[in-house]
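Results of the structural survey
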Amino acid sequence: MNAPLRLGVNIDHVATVRNARGSGYPDPVRAALMAADAGADGITAHLREDRRHITDADIERLSAELSIPLNLEMAATAEMLGIALRHRPHAACIVPERREERTTEGGLDAAGQFAVLAPMVAELSAAGIRVSLFIEPDAAQIDAALKLGAPVVELHTGRYCDLTGEAQTAELRRIADAAALAAKNGIEVHAGHGLTFDNVVPIAAIPQLRELNIGHFLIGEAIFDGLGPVVRRMRALMDEAR
Ligand code: PXP
């Protein structure tokens, strides 16, 4: 039996629907509390620089109302560092961010951005925030994460989710190899992006993984089946894979 795998539910897209009308609903904090009741181990929220979904007020309320850990996804900017230090979430996952992208496309270039990331990892860690770097499943990136002293990496599963057949199997192997390499070096390994009921099982079966962060699919599926049942089903699939 492998170590348990935590489920972090990303509630960004509840805020996307709310913001489409500039209304007060649906409320992402209500969704977070419901996900927690249904078995989520943590809540993930990405405060983007353009505030297209989660807002500063959402982060404030999540910080005050959640009884499970909050994982704040953030770009490596001075503004986001200040916000993280003010709210002190359980974890901060540093992600690459480009204004024109639809979602987080590709991982952080931890190697290329070493000089920007080093002081940020140090400051967040000194504040007691568990720092994670969202990277491609690549040995050079894991090496950089190690040199940066990041205790956690989150492996980008977007490419795996987009591929099919042999190419997908090869990408799965790349993720499994990266997870093994990171864990061997004492880094805790998470994964996420694009995961669904149909593609989660082979990822959840990777023994070194400790957490999956899943959002878009769960929120979309909740329209049909409700958030509680959808979170419970994802949890069950993850548990069966271990
Ligand atoms: N992990 C990270 C670092 C992300 O940026 C995202 C998307 O915001 C996710 C996980 C969740 O991806 P998805 O919404 O496709 O499940």
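Thresholds applied
For every chain, the first residue of the written sequence is number 1, and numbering continues from 1 along that sequence. Local features in a predicted model are, by the rule used here, given only for residues with pLDDT of at least 70; side-chain atom pairs are given and counted only at 80 or more, and totals for whole chains, interfaces and linings are based on all residues. As a rule here, side-chain values come from all non-hydrogen atoms in the structure, and water together with hydrogens is ignored. In DSSP terms, a helix is any run of H or I states spanning at least four residues, a strand is any run of E spanning at least two, and both are numbered starting from the N terminus. Pairing of aromatic side chains here covers Phe, Tyr and the six-membered ring of Trp, requires ring centres within 6.5 Å, and sorts the geometry by plane angle: under 30 degrees stacked, over 60 edge-to-face, intermediate tilted. Two limits define a charge over a ring: the Lys NZ or Arg CZ must be within 6 Å of the ring centre, and within 35 degrees of the ring normal. Helix axes are fitted only over the stretch in contact, all axes being lines through C-alpha atoms; the angle between N-to-C directions runs from 0 to 180 degrees. Each angle gets one of four labels, with under 35 degrees taken as roughly parallel, over 145 as roughly antiparallel, 65 to 115 as roughly perpendicular, and the rest as oblique. Pairs of residues are marked as contacts when any of their non-hydrogen atoms sit within 4.5 Å. Polarity classes work like this: nonpolar for Ala, Val, Leu, Ile, Met, Phe, Trp, Tyr, Cys and Pro, charged for Asp, Glu, Lys and Arg, and polar for all others, with Gly in that last group. As used here, the term nonpolar core means buried Ala, Val, Leu, Ile, Met, Phe, Trp, Tyr and Cys residues forming a set that is joined through side-chain atoms within 4.5 Å. Three labels apply to residues, based on accessible area from a 1.4 Å probe with only protein chains included: buried if under 20% of the type maximum, exposed if over 50%, partly exposed otherwise in between. Definition of nearness: a residue and a molecule or strand are near each other if at least one heavy atom of the residue lies within 4 Å of the molecule or strand. What qualifies as a polar contact is a pair of N or O atoms within 3.5 Å, subject to a donor-acceptor requirement within protein and to the restriction that residues adjacent in sequence count only when both atoms come from side chains. Only the protein chains shown count as covering a residue, and every accessible area follows the Shrake-Rupley method with a 1.4 Å probe. This arc is taken over the directions from the axis of the helix to the C-beta atoms. By convention in this document, the label disulfide applies to cysteine sulfur atom pairs within 2.5 Å. Think of it this way: DSSP has to see at least two bridges between two strands before they count as a pair. Crossover handedness is defined here as right-handed if the route from the first strand over the helix to the second strand goes clockwise, with the strands pointing away from the viewer.

Comments concerning unusual backbone geometry
Put simply, Y25 and P26 share a cis peptide bond, and its omega is -5 degrees. Among the structural elements, P26 can be located in the loop between α1 (12-21) and α2 (28-37). With a phi close to 55 degrees, R51 is a non-glycine residue in the positive phi region.

Some details on the packing of aromatic side chains
All told, the structure shown has one aromatic pair when counted by the stated rule. Consider the rings of F197 and F217, whose centres lie 4.8 Å apart with planes at 75 degrees: the pair is edge-to-face. One end of the pair, F197, is in the loop between β7 (188-192) and α9 (200-204); the other, F217, is in helix α10 (residues 216-225), and 20 residues separate them in sequence. A cation over a ring is seen here: R233 above F197, with NZ or CZ 4.4 Å from the ring centre.

Notes on the packing of helix α4 (residues 78-87) against helix α5 (residues 114-126)
Packing of α4 against α5 brings their axes to within 10 Å, and their N-to-C directions diverge by 10 degrees. Accordingly, the angle class assigned to the pair α4 and α5 is roughly parallel. Contact with α4, carried on its side by L81, A84 and L85, involves M120, E123 and L124 of α5 and no other residues of that element. Residues of the contact of α4 with α5, tallied by class, amount to five nonpolar, no polar and one charged.

Notes on the nonpolar core
Core analysis: the biggest nonpolar cluster contains 75 residues, and I43, L62, L124, L133 and L212 have the highest contact counts within it. Of all the elements, helix α11 (residues 227-241) adds the most residues to this core, at seven residues. Aside from chain neighbours lying at most four places away, what touches I43 is V9, I11, A32, A35, L62, L66, I68, P69, L70 and N71.

Description of the site of the ligand
In the region of the ligand, 13 residues are neighbours, and E73, E154, G194, G215 and H216 sit closest. Contact distances for the ligand include 2.5 Å between a nitrogen atom and a side-chain N or O atom of E154. Notes on the ligand: free accessible area 400 Å², of which the protein chains cover 95%. A breakdown of the residues in the shell around the ligand according to their chemical character gives three nonpolar, seven polar and three charged.

Structural notes on α1
Because each turn of an α-helix spans 3.6 residues, side chains separated by three or four positions in sequence point in the same direction. All of the buried residues along α1 are D12, V14, A15 and R18. What you see down the axis of α1 is that its buried residues fit within an arc of 155 degrees, all on one side. Of the exposed residues in α1, those oriented more than 90 degrees away from the buried face are A20 and R21. As for α1, its buried residues are in contact with β1 (6-10), α2, β2 (42-46), α3 (56-65) and α10. Just beyond α1, the residue with positive phi is G22, at close to 65 degrees.

Quick notes on the state of the cysteines
Note on terminology: disulfide describes a covalent bond linking the sulfur atoms of two cysteines. In total, this model carries zero disulfides according to the counting rule given. Cysteine C161 is unpaired, with the sulfur of C93 as its nearest cysteine sulfur at 16 Å.

Concerning the pairing of strand β4 (residues 91-94)
Where burial is concerned, the two faces of β4 agree: the one with A91 and C93 and the one with A92 and I94 are both buried. Across four bridges, strand β3 (residues 70-74) lies against β4 in parallel orientation. Bridge pairing in β4 places N71 opposite A91. Chirality of the crossover, the property in question, places the unit of β3, α4 and β4 among those that are right-handed.

With respect to the sheet that holds strand β5 (residues 130-135)
The pairing of strands in a sheet comes from backbone hydrogen bonds and takes either a parallel or an antiparallel form. Taken together, eight strands build a closed barrel; the order of strands is β1-β2-β3-β4-β5-β6-β7-β8 and the barrel is parallel. Each adjacent strand pair in this sheet contributes to an overall mean axis angle of 25 degrees, direction not counted. For β4 and β5, the ladder comprises four bridges, and the chain directions are parallel. Among the inter-strand pairings, I94 is bridged to a residue of β5, identified as L133.

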